[in-house]
Amino acid sequence: MTIQNKLAGLGALSASLLAGLPALAQEAAAEAVPVMDKGDVSWMMISTVLVLFMTVPGLALFYGGLVRSKNMLSILMQTTVIACVMMIIWVVYGYSASFGGSTSPWWGGTAKLFLAGVTADSMSATFSAGYVIPEYLFIVFQMTFAAITPALIIGAFAERVKFKAVLAFSVLWGTFSYFPIAHMVWDANGYLFVKGAIDFAGGTVVHINAGIAALIGCIVIGKRVGYGKDNMAPHSMVMTMIGASMLWVGWFGFNVGSNLEANGGATLAMINTFIATAAATLAWCALEGLQRGKASMLGAASGMVAGLVAITPACGTVGPMGAIALGVIAVAVCYFFVTVVKLKLKYDDSLDVFGIHGVGGIIGAVLTGVFSAGSLGGVKGDDYAMGAQLWIQIEGVLITVVWSAVVSYVAYKLVDLTIGLRVDNDTERQGLDLISHGEQAYHS
Amino acid sequence: MGPLGAGAERGQQVKLIIAAIKPFKLEEVREALTAIGVRGMMVTEIKGFGSQSGHTEIYRGAEYAVNFVPKIRLEVVVSDALADQVVSTIRSTAKTDKIGDGKIFVLDVQHAVRVRTGETDDEAL
């Protein structure tokens, strides 16, 4: 999702230059006028609302079903309100900080604060030279990514945090981790973009970024009261299945929309988003079947999300057979993390945000470097240097991990010192719904 | 004279039979009891444990012991004459031969009254 929004400006600039150079005008104008294709625009508008659908209600229900019934509304509220807060700060300064046109490798600058200068006639570049989409569309498409990412994090410390603290953390983390990393990876001047890191739809920006913040969060905040003793089984696997399925549907907006155009490349992302996910779901069920004789609905939903996460950075450059391999490998590692590593290291990543988004994201980002190779079914040609690309991918992962970890840690501490991160024990026992929101999800 | 009325006017003694059974056996038990002439029963969804003592559920890596398992509490009030047959019918229909089939308790009922007519004891059933 490379992009600079300069094409429109360039178009206007060249037009005015050409006016002064009539001799060249005819020849050059033919290639300089950027094309806005209504098919692309329609697809991108649909993609944008599909990504919104991933968050509300997809992610909210997926997470909501996994908590105890006394905390159902707290999850729905945190997800919904975080998304709204991020949308507002995105248009106020987030878009500028990520894609404001600065040549800095680390952030987008202040040129587009409050969306300064953007009108319905402003255009953003796509991957095809000469083809553009309206800048407003690019802004809202990217906005839905900024909205879902902090909401992913909350699963790690579900059932025990203050509502205000979650919102304050999301603003801090969004500002200092999400916006800069989005710039580094996706902006034409970004540090990792310039290096050639492949992150088609946000494996590093969204999933590793959120997964690491989640891990730091559950360690800083600590375990739930009664962890390892009380029954903390999910209250509704039905909601979780509905939410996971909505995530899968919405993910076509996320992955295929990241192509920015409705063309052949988009269909490659589409088939990969189907196939990797199907393979990953089957892999999780198979592992459960082998290990304990029963395949569970939660296992299938977990495999589904792990597969979606893993294919996210890769969906534009690997082939369908590579997607199958990627889905299966990612699940094997995620399964190991959520069933073995988490218990061994004793951190309470309540809804396995690190175990699935962090770990699945890392596997996906690294293996993108492998399965993009033409010899393994990817789109890269004979001149593709797998070793070099692999190192760039790993570098991207490391930078994201360290950046997100540092920003998260500082942000959690700041919020803890001011608002306080955690509710008191009584509130936690009674449930956040009644105490934090004054209502209950279910009445018997 | 007892607190509930003159004992001499009472009909035949009645018994309360309480059974905890497996939920999926309820319909079979209801049919069998109706067939032997039981004309009413009360049913409650309960949780509990006996020698079956719960089961384990696994969610990703987390294992939870579920100590209280869902059961059906069935209450039947019948005349003394029918009580033994009710017990044996519940036993034969609710039985799966697996642990957790449930328990049956038989209690004496002091008095029974039909709300609509005021009939008492076995006539009230």
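Residues numbered from 1 in each chain as written. Chains lettered and ligands numbered in written order. Predicted model: local features only at pLDDT ≥ 70, side-chain atom pairs only at ≥ 80, totals over all residues.

Listed per partner, the contact involves 13 residues of chain A and eight residues of chain B. Listing elements by their share of the side of chain A that touches chain B, those giving two or more residues are α11 (297-311) and α12 (320-345) of chain A. (Contact = placed C-beta atoms within 7 Å. Helix = DSSP H or I, 4+ residues; strand = E, 2+ residues; numbered from the N terminus.)

By the element assignment, A:Asn272 lies in helix α10 (residues 264-292). The residues touching A:Asn272, leaving out its near neighbours within four places in the chain, are A:Ile311, A:Cys315, A:Val318, A:Pro320 and A:Ala323.

Across its 29 residues, helix α3 (residues 38-66) of chain A extends 41 Å between first and last C-alpha, which sits within 8% of the 42 Å expected from 1.5 Å per residue. Of all the bends in α3(A), the greatest, near 40°, is centred on A:Gly58. (Expected span 1.5 Å × (residues − 1). Bend = angle between axes of the 7 residues up to and from the residue.)

Next up on the list: the confidence of the model for chain A. When pLDDT is averaged along chain A, the result is 93; 93% of the residues meet or exceed 70. Below a pLDDT of 50 lies the segment residues 1-23 of chain A, which in the model reaches 41 contacts outside its immediate sequence neighbourhood of four places, other chains included. (pLDDT = per-residue confidence, 0-100.)

What follows concerns the sheet that holds strand β1 (residues 35-36) of chain A. All names here are of chain A. On the basis of which strands lie adjacent, the open sheet formed by three strands has the order β1-β3-β2 and mixed pairing. The open sheet is flanked by β1 and β2 (123-125), the only strands paired with a single partner. Across three bridges, β2 lies against strand β3 (residues 131-134) in antiparallel orientation. Across the sheet, residue Met-123 finds its bridge partner in β3, namely Pro-134. α3 rests against β1 and β3 of the sheet, and its axis sits at about 45° to β3. Helix α5 (residues 135-153) contacts β2 and β3 of the sheet and is inclined by roughly 70° relative to β3. (Pairing = 2+ DSSP bridges. Axes fitted to C-alpha atoms, helices over the stretch in contact; angles between N-to-C directions.)

Regular strands show a simple pattern: their side chains alternate between the two faces of the sheet. Residues and elements named next belong to chain A. Taken together, the two bridges between β1 and β3 define a ladder with parallel strand orientation. Counted as the bridge partner of Met-36 is Val-132 from β3. Between β2 and β3, which pair antiparallel one after the other, the connecting turn spans five residues, and Gly-130 there sits at a positive phi close to 90°.

Residues and elements named next belong to chain A. The first and last C-alpha atoms of helix α14 (residues 386-418) sit 47 Å apart over 33 residues, in line with the 48 Å expected at 1.5 Å per residue. Those residues of α14 lying buried are Gln-389, Gln-393, Gly-396, Val-397, Thr-400, Trp-403, Ser-404, Val-407, Ser-408, Ala-411, Tyr-412 and Val-415. In the segment just after α14, Gly-420 is the residue with positive phi, at about 90°. (Buried ≥ 20, exposed ≤ 12 C-beta atoms within 10 Å, placed from the backbone.)

Bringing the environment of A:Ile362 into the picture now. Residue and element names in this part refer to chain A. Along the chain, Ile-362 falls in helix α13 (residues 353-371). Ile-362 gets classed as buried once you count the C-beta atoms within 10 Å, which come to 27. Residues Ile-362 and Glu-288, 74 residues apart in the sequence, show an inter-C-alpha distance of 22 Å. Every residue in contact with Ile-362, bar those within four places of it in the chain, is listed here: Ile-208 and Val-397.

Attention now goes to the nonpolar core. One finds A:Leu247, A:Ala280, A:Ala306 and A:Leu326 to be the most contacted residues of the largest nonpolar core, which totals 138 residues. Here the element with the most residues in this core is α5(A); it accounts for 13 residues. Apart from the residues lying within four places of it in its own chain, the contact partners of A:Leu247 are A:Met54, A:Gly58, A:Leu59, A:Phe62, A:Val305 and A:Leu308. By size, the runner-up hydrophobic cluster in this structure holds 16 residues, among which are B:Ala19, B:Leu33, B:Val38 and B:Ala94. (Core = buried A, V, L, I, M, F, W, Y, C linked by C-beta atoms within 7 Å.)

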